[in-house]
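Below, each chain spelled out in residue letters.
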Amino acid sequence: GFCFSQMANPPTQAPTVTATEAGTMTVFYPVYGEGEGFCTNDPPADHGLSSLDGIVTSATNAECCTKHFSWQKSGFCFSQMANPPTQAPTVTATEAGTLTVFY
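Here the structure is a predicted model, which is why all the values come from computation and not from measurement. (Residues numbered from 1 in each chain as written. Predicted model: local features only at pLDDT ≥ 70, side-chain atom pairs only at ≥ 80, totals over all residues. Heavy atoms only, no water.)

1. Some details on the overall build of the protein chain
Part 1 of the argument: Regarding its fold elements, the protein chain presents three helices and two strands.
Part 2 of the argument: Ordered by position in the sequence, the α and β elements of the protein chain form the string α-β-β-α-α.
Part 3 of the argument: Classification of the 103 residues of the protein chain by burial places 25% in the buried group.
Part 4 of the argument: When contacts within the protein chain are restricted to residue pairs at least 6 apart in sequence, long-range pairs at least 24 apart make up 51% of them. (Helix = DSSP H or I, 4+ residues; strand = E, 2+ residues; numbered from the N terminus. Buried < 20%, exposed > 50% of the residue type's maximum accessible area, 1.4 Å probe, protein only. Contact = heavy atoms within 4.5 Å.)

Here you go:
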């Protein structure tokens, strides 16, 4: 709740989309057969697809990874995101305060 909302980079349930991650599609889809597999919002032709007909799409990259690659022990799909989700908030140089401990 409130404590997290006061952080400069509070944890989120889904990663935020940045200009480096954004593609031209408004949905994310799985790409199989290229290494371990990942999700993207690149145009389908970038991955040898003529369309997304019959492919289950997702509103977010995280949703797509969870839906299609939850079996990956390596977390490869999530690691391909520009801002992958973390289990704890990340501290950056821009975060206010000088303490190294939170209370």
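This is not the end of the story, as more comes after the structure.
2. Description of the pattern of salt bridges
Part 1 of the argument: Under the defined criterion, the tally for this structure stands at one salt bridge.
Part 2 of the argument: Linking glutamate 63 and lysine 67 is a salt bridge whose minimum nitrogen-to-oxygen distance equals 3.4 Å. One end of the pair is glutamate 63 and the other is lysine 67, both in helix 2 (residues 61-69) and four residues apart, which spans about a single turn.
Part 3 of the argument: Overall, lysine 67 belongs to the partly exposed group, its relative accessible area being 41%. (Salt bridge = Lys/Arg side-chain N within 4 Å of Asp/Glu carboxyl O.)

3. Brief notes about the state of the cysteines
Part 1 of the argument: Following the criterion strictly, the structure yields two disulfides and no others.
Part 2 of the argument: Covalently, cysteine 65 is tied to cysteine 77 through a disulfide, its sulfur atoms 2.0 Å apart. When the S-S torsion is -75°, as for the bridge of cysteine 65 with cysteine 77, the disulfide is left-handed. Of this pair, cysteine 65 sits in helix 2 while cysteine 77 sits in helix 3 (residues 76-79); the two residues are 12 residues apart in sequence, bridging distant segments of the chain.
Part 3 of the argument: Judged by its relative accessible area of 0%, cysteine 65 is buried.
Part 4 of the argument: Taking relative accessible area as the criterion, cysteine 77 reaches 2% and is therefore assigned buried.
Part 5 of the argument: Disulfide connectivity for the protein chain, with bonded cysteines indexed by sequence position, reads 1-2, 3-4. (Disulfide = S-S within 2.5 Å.)

4. Describing helix 2
Part 1 of the argument: Taken together, the buried positions of helix 2 are Asn61, Ala62, Cys64, Cys65, His68 and Phe69. Viewed along the axis of helix 2, the buried residues span an arc of 160°, placing them on a single side of the element.
Part 2 of the argument: At its buried positions, helix 2 is contacted by strand 1 (29-31), strand 2 (38-40) and helix 3. (Arc of directions from axis to C-beta.)

5. Observations concerning the side chain of threonine 40
Part 1 of the argument: Within the fold, threonine 40 resides in strand 2.
Part 2 of the argument: Among the polar contacts made by the side chain of threonine 40, one reaches the main-chain amide nitrogen of aspartate 42 at a distance of 3.0 Å.
Part 3 of the argument: In contact with threonine 40, other than residues within four places in its own chain, are Val27, Phe28, Tyr29, Val31 and His47. (Polar contact = N/O pair within 3.5 Å; in protein donor to acceptor, adjacent residues only side chain to side chain.)

6. Considerations on the environment of threonine 40
Part 1 of the argument: Judged by relative accessible area, threonine 40 falls into the buried class, the value being 7%.
Part 2 of the argument: Taking the C-alpha atoms as reference points, threonine 40 and methionine 25, 15 residues apart in sequence, are found 8.8 Å from one another.

7. A closer look at the confidence of the model for the protein chain
Part 1 of the argument: Averaged over every residue, the pLDDT of the protein chain is 77; residues scoring 70 or more account for 68%.
Part 2 of the argument: Across the protein chain, the secondary-structure element scoring lowest on mean pLDDT is helix 1 (residues 2-5), at 74, and the one scoring highest is strand 1, at 94.
Part 3 of the argument: Contacts of residues 17-21 to residues separated by more than four positions or lying in other chains number nine contacts, the stretch itself having pLDDT below 50. (pLDDT = per-residue confidence, 0-100.)

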